[in-house]
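One letter stands for each residue in the lines below.
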Amino acid sequence: MNNKTSGLIITLTVIGIVSAILLAFVYQWTTPYIEKHQAKAQEAAVFTVLPEAERYQEVTKDGMTFFEGYDSANSRVGVAMVVTGGGFQGNIELMVGVDLSKQQINTISILNHQETPGLGARITEKAYRNNFANKPFGEYQVVKREPTDPMQVEAISGATISSEKVTIIVENAIQKIQQAYGGGA
Amino acid sequence: MAGQLINDFKNGLWQENPIFRLVIGMCPTLAVTNTTENGLAMGIATLFVLLSSEIVISTIKKLIPSNVRIPSYILIIATFVTFVDYFLKAFFPSIAASLSLFVPLIVVNCLILGRQEAFASKNPVHRSIADALGMGLGFTWALTLLGAIREFLGMGSIFGLQILGAWYKPMIIMVLPAGAFISLGILVGIMNIISREG
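No experiment lies behind these values; they were computed from the predicted model shown.

Draft legend 1. Representation of the overall build of chain A in the model. Scanning chain A from terminus to terminus reveals three helices and seven strands. Along chain A, from the amino end to the carboxyl end, the secondary structure elements read α-β-β-β-β-β-α-β-β-α. Its C-alpha atoms give chain A principal-axis dimensions of about 75 × 45 × 25 Å. Counting only residues that meet the buried cut, chain A has 41% of its 185 residues in that class. For chain A, long-range pairs separated by at least 24 residues make up 48% of all intrachain contacts whose partners lie at least 6 apart in sequence. Of the roughly 9900 Å² of accessible surface on chain A, 51% is carried by carbon and sulfur atoms. Once the 15 positive and 18 negative side-chain charges of chain A are each reduced to a mean point, those two points are 6 Å apart.

Draft legend 2. Expanded view of the confidence of the model for chain B. Taken over all residues, the pLDDT of chain B has a mean of 90, while the share at 70 or more is 99%. For this predicted complex, the interface score ipTM comes out at 0.81, alongside a pTM of 0.79.

Draft legend 3. Summary view of the layout of surface pockets. Residues and elements named next belong to chain B. Put simply, the second largest pocket is a space of about 260 Å³. Around the second largest pocket sit E37, L40, A41, I44, A45, F48, F83, V84, F87, L88, F92 and I95, which together line it. Broken down by secondary-structure element, the contributors of at least two residues to the lining of the second largest pocket are α3 (36-60) and α4 (69-91). Top contributing element to the lining of the second largest pocket by residue count: α3, with six residues.

Draft legend 4. A look at the environment of T65 of chain A. Of note, T65 of chain A is situated in strand β2 (residues 64-70). The spatial distance from the C-alpha of T65 of chain A to the C-alpha of T48 of chain A is 18 Å, given a sequence separation of 17 residues.

Draft legend 5. Structural detail: the packing of α4 of chain B against helix α6 (residues 110-120) of chain B. Residues and elements named next belong to chain B. Where α4 meets α6, the closest approach of the two axes is 11 Å, and the angle between their N-to-C directions is 130 degrees. As judged from the angle between their axes, α4 and α6 are oblique. Crossing angle aside, the handedness with which α4 passes α6 is right-handed. On the side of α4, the interface is formed by R69, I70, Y73, I74 and I77, while α6 contributes I112, L113, Q116 and E117. Partitioned by chemical class, the residues of the contact of α4 with α6 number six nonpolar, one polar and two charged.

Draft legend 6. Broad picture of the environment of G114 of chain B. Residue and element names in this part refer to chain B. Looking at where G114 falls in the secondary structure, it is placed in helix α6. On the basis of relative accessibility, which here comes to 27%, the residue G114 falls in the partly exposed class. As for G114 and G25, which are separated by 89 residues in sequence, their C-alpha atoms are 9.3 Å apart.

Draft legend 7. The arrangement of the side chain of T79 of chain B in detail. Its place among the elements puts T79 of chain B in helix α4. Residue T79 of chain B is classed as buried on the basis of its relative accessible area, which comes to 10%. Among all residues touching T79 of chain B, those that are not within four sequence positions of it are S19 and L23 of chain A.

Draft legend 8. Local environment of the sheet that holds strand β5 (residues 104-112) of chain A. Residues and elements named next belong to chain A. Ordered by their spatial adjacency, five strands build an open sheet running β1-β2-β3-β4-β5, and the pairing between neighbours is antiparallel. Of all the strands in the sheet, just β1 (55-61) and β5 have a single pairing partner and so form its edges. Strand after strand, the sheet turns through a mean of 25 degrees between neighbouring axes, direction not considered. Of the pairings in the sheet, the one linking strand β4 (residues 91-99) to β5 comprises seven bridges and is antiparallel in character. The residue of β5 that forms the bridge with V98 is I105. Sheet strands touched by helix α3 (residues 160-180): β1, β2, β3 (76-86), β4 and β5. Its angle to β3, the strand with the most contacts, is close to 130 degrees.

Draft legend 9. Summary view of the nonpolar core. Membership of the largest hydrophobic core comes to 39 residues, with the highest contact counts inside it found for I19, F20, V49, L99, I106 and L184 of chain B. For this core, the element with the highest residue contribution is α4 of chain B, accounting for seven residues. Residues within four places of I19 of chain B in sequence aside, it is in contact with I24, M26, T29, F139, A142, L143 and L184 of chain B. The next biggest cluster of nonpolar side chains, apart from the first, holds 31 residues, and it includes V79, V153, V170 and A180 of chain A.

Draft legend 10. Region of interest: the interface of chain B and chain A. Taken together, the contact between chain B and chain A spans 24 residues of the former and 22 residues of the latter. Of the roughly 2000 Å² buried where chain B meets chain A, counting both sides, 82% is carbon and sulfur surface. Counting every contact that joins chain B to chain A gives two residue pairs in polar contact (both at pLDDT 80 or more). With twelve residues, the single largest contributor to the side of chain B that touches chain A is α4 of chain B. Here the side of chain B that touches chain A is composed, by residue class, of 17 nonpolar, six polar and one charged.

About the thresholds
Residues numbered from 1 in each chain as written. Chains lettered and ligands numbered in written order. Predicted model: local features only at pLDDT ≥ 70, side-chain atom pairs only at ≥ 80, totals over all residues. Heavy atoms only, no water. Helix = DSSP H or I, 4+ residues; strand = E, 2+ residues; numbered from the N terminus. Buried < 20%, exposed > 50% of the residue type's maximum accessible area, 1.4 Å probe, protein only. Contact = heavy atoms within 4.5 Å. Areas by Shrake-Rupley, 256 points an atom, 1.4 Å probe, with all protein chains shown as cover. Lys, Arg positive; Asp, Glu negative; His and termini not counted. Charge placed at Lys NZ, Arg CZ, Asp CG, Glu CD. pLDDT = per-residue confidence, 0-100. 1 Å grid on protein atoms, 1.4 Å probe; cavity = no way out; pocket = protein on both sides within 12 Å on 5 of 7 lines; lining within 4 Å. Points joined across faces, edges and corners; volume = space filled by probe spheres on them. Axes fitted to C-alpha atoms, helices over the stretch in contact; angles between N-to-C directions. Parallel < 35°, antiparallel > 145°, perpendicular 65-115°, else oblique. Left-handed = near helix turned anticlockwise from the far one by under 90°. Nonpolar A, V, L, I, M, F, W, Y, C, P; charged D, E, K, R; others polar. Pairing = 2+ DSSP bridges. Core = buried A, V, L, I, M, F, W, Y, C linked by side-chain atoms within 4.5 Å. Buried area = accessible area lost by both parts, 1.4 Å probe. Polar contact = N/O pair within 3.5 Å; in protein donor to acceptor, adjacent residues only side chain to side chain.

Okay, here's the thing in structure tokens:
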């Protein structure tokens, strides 16, 4: 009995140790690539939401990280920030870029989400993201038909909740940016 | 001997196709086949895990006491699944993003554990390889077909290429889980008719 039990323990321990060692190597091998992709995705997102920026720098204000974009003349053209909020399933992580002098959104970029493929996942598509292009700061209203007012956001058909959640996250981001930058340029 | 290997291989492709015949591994089948690409990627990821774990388990089967064989198999499978997860994230980030949490869930795909129990733990390595390739490819083609049907009807495209024009009003239900059940049921029915006549 004793012998048998120790045999079981030894088997599982050995398998566990071997797989842990193998995975440690795999982790070491893949991590630089994974980090590179994430950094690249973030960089691409900053330039998407701050189209006029030539370069950008990370700034920490009130414990939050912002990306300030500068043009070739070295003047600040906009501010971007990453915000996370609940979606229809799981969290949605997106980046919002704003033009503080015009008090409007440039555009948004979805970084991570777990929305339903083919429905909520269409928040990543240009047709939906363009809803936020050049929108004045404020509260938005999600509508199910062609927007008639600049403060309206057209929902994706079949994914009203995802559309609303993104809108809430964007509103939230604008509030945070306005707080940190005092609402003005 | 070669004939036996071919039989082991062909078994999973049609006669005992994991999806249409054995109806196992339904979680990824229903969840990720909303597009052709997702179906294919999930199929290949599963094929890799199945093949590697069948090779390892049929090699070391005599060293594993039968009382702890299931936890041992799960540990081995989980190791390969974690490898696939990191690998996809590092080299195919877009596929990793669309499959997201279904990659780690390959661990609990009963197709993989089922083949270890039913085949790899009783048969030599070369036959296990043939079985894993057959079952894995059988799983892959079934997922790809299911994904193609659902993407075609639900979005009017295949592999992301728009085939049907703007006049086509997509059947949204096809990209939702209900669409998976409907298309799977119809496909299983068609397979039954074909095998009965054949």
